[in-house]
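# Topology and contacts: notes
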Amino acid sequence: NIPDKSIDAVITDPPYGMNLNTDYSGMARRAFRGQSTSNTFDKVVGDDKPFDPTPFLNVAETIVLFGYDYFSNKLPSNSTVMVWDKRLTESADKCFGSPFELLWVNKKTKKRFYRVRWYGLFGTEKQDVKKRVHPTQKPIELMTKIIQDFTREGDTILDPFMGSGTTGVACVQTGRNFIGIEIDEGYFKIAEKRIRDAQQQMRLPI
C-alpha cells in the first residue's frame, strides 16, 4: 500500500530463506570456551521460504538490501554489489557464520567495502554475546555508514524488516526520518524501546 517513490530509501536486511537455527547457546559455549549464554532467540518470521524483493523495488529512489546472494536472480542487473567484511584480520576467517555479507544497491555507483568488525554470529567481543537481542542483528556502526553513504539528512528511510530496530537507531543518530515495520510483536517492542532510547539520548544536553 506504500505508493511508488514515496520514500527516499529502503534499507533493510530481509529474511533470506535460510531457516536459521536461532539457538546460539551451544555455539557460544564452543566459541568462548564454555561460556554459557541465554542467546536462544525466536525464529525469524518468513525465513522458511525464499525472499522476493520485487514488491520493494519501486517504493524508493534508493534500495539497499542485505543478502544479495540469496535472491540475486530476482534483481535487475543495473545495480552495484557491496561487501560487509566482518573481520579485521584473516584469523577470523573460520568464525562461526560467514565472515562477510553482500549488499545490493539499485543503482550504478562506486563500489564500497565496509569493514565493521562483528565476529561470527555473536558480535564484536565476548561481552556482546549477552547484548544481542535479535539473531541477525546488525551493528549500529555499519548501518550508520550505509545511511550516510546513500541518504541525506532529513530523508525518510523505510526498513520493512525492522528486527531489533538498528536501522531506526542509526537514523535517529544521523538526523534521518524512519519508518519501521516488524511482524514479530516481541521484536517490535524491542525495536520501539531502542529507538525511543536513542531519541532520548539525542535530546540530552551536551
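Summarised in this report is the structure supplied together with it. (Residues numbered from 1 in each chain as written. Predicted model: local features only at pLDDT ≥ 70, side-chain atom pairs only at ≥ 80, totals over all residues. Heavy atoms only, no water.)

For the rest of this paragraph, the subject is the sheet that holds strand 2 (residues 60–66). Spatial ordering of the open sheet is given by 5-3-4-2-1-6-7, a layout of seven strands whose pairing is mixed. The open sheet has two edge strands with one neighbour each: strand 5 (113–115) and strand 7 (177–180). Looking at each pair of strands side by side, their axes are set apart by 20° on average, direction ignored. With two bridges joining them, strand 1 (residues 7–12) and strand 6 (residues 156–159) adopt parallel strand pairing. For Val 10, the partnering residue across the bridge sits in strand 6 and is Leu 158. Those strands touched by helix 3 (residues 140–150) are strand 1, strand 2, strand 3 (80–85), strand 4 (100–105), strand 5 and strand 6, and its axis lies near 155° from that of strand 2. In this fold helix 4 (residues 166–174) packs onto strand 1, strand 6 and strand 7, with an angle of close to 170° to the strand it touches most, strand 7. (Pairing = 2+ DSSP bridges. Helix = DSSP H or I, 4+ residues; strand = E, 2+ residues; numbered from the N terminus. Axes fitted to C-alpha atoms, helices over the stretch in contact; angles between N-to-C directions. Contact = heavy atoms within 4.5 Å.)

As a further point, take the nonpolar core. Membership of the largest hydrophobic core comes to 33 residues, with the highest contact counts inside it found for Ile 11, Phe 66, Trp 84, Leu 142 and Ile 146. Those elements that provide at least two residues to this core are strand 1, strand 2, strand 3, strand 4, helix 3, strand 6 and helix 4. Discounting chain neighbours no more than four positions away, the residues touching Ile 11 are Val 64, Met 143, Ile 146, Ile 147, Thr 151, Ile 157, Leu 158, Asp 159 and Thr 167. Core analysis: the next-biggest nonpolar cluster, separate from the first, contains six residues, Val 169, Val 172, Ile 195 and Ala 198 among them. (Core = buried A, V, L, I, M, F, W, Y, C linked by side-chain atoms within 4.5 Å. Buried < 20%, exposed > 50% of the residue type's maximum accessible area, 1.4 Å probe, protein only.)

Tracing the chain through its elements places Glu 182 in the loop between strand 7 and helix 5 (185–203). Comment: no salt bridge for buried Glu 182; closest opposite-charge side chain is Arg 194, at 11 Å. There is a polar contact of 2.7 Å between the side chain of Glu 182 and the backbone nitrogen of Gly 163. Reaching out from Glu 182, the side chain makes a polar contact with the backbone nitrogen of Asp 184 at a distance of 3.0 Å. Beyond its immediate stretch of four places on either side in the chain, Glu 182 contacts Phe 161, Met 162, Gly 163, Tyr 187 and Phe 188. (Lys, Arg positive; Asp, Glu negative; His and termini not counted. Salt bridge = Lys/Arg side-chain N within 4 Å of Asp/Glu carboxyl O. Polar contact = N/O pair within 3.5 Å; in protein donor to acceptor, adjacent residues only side chain to side chain.)

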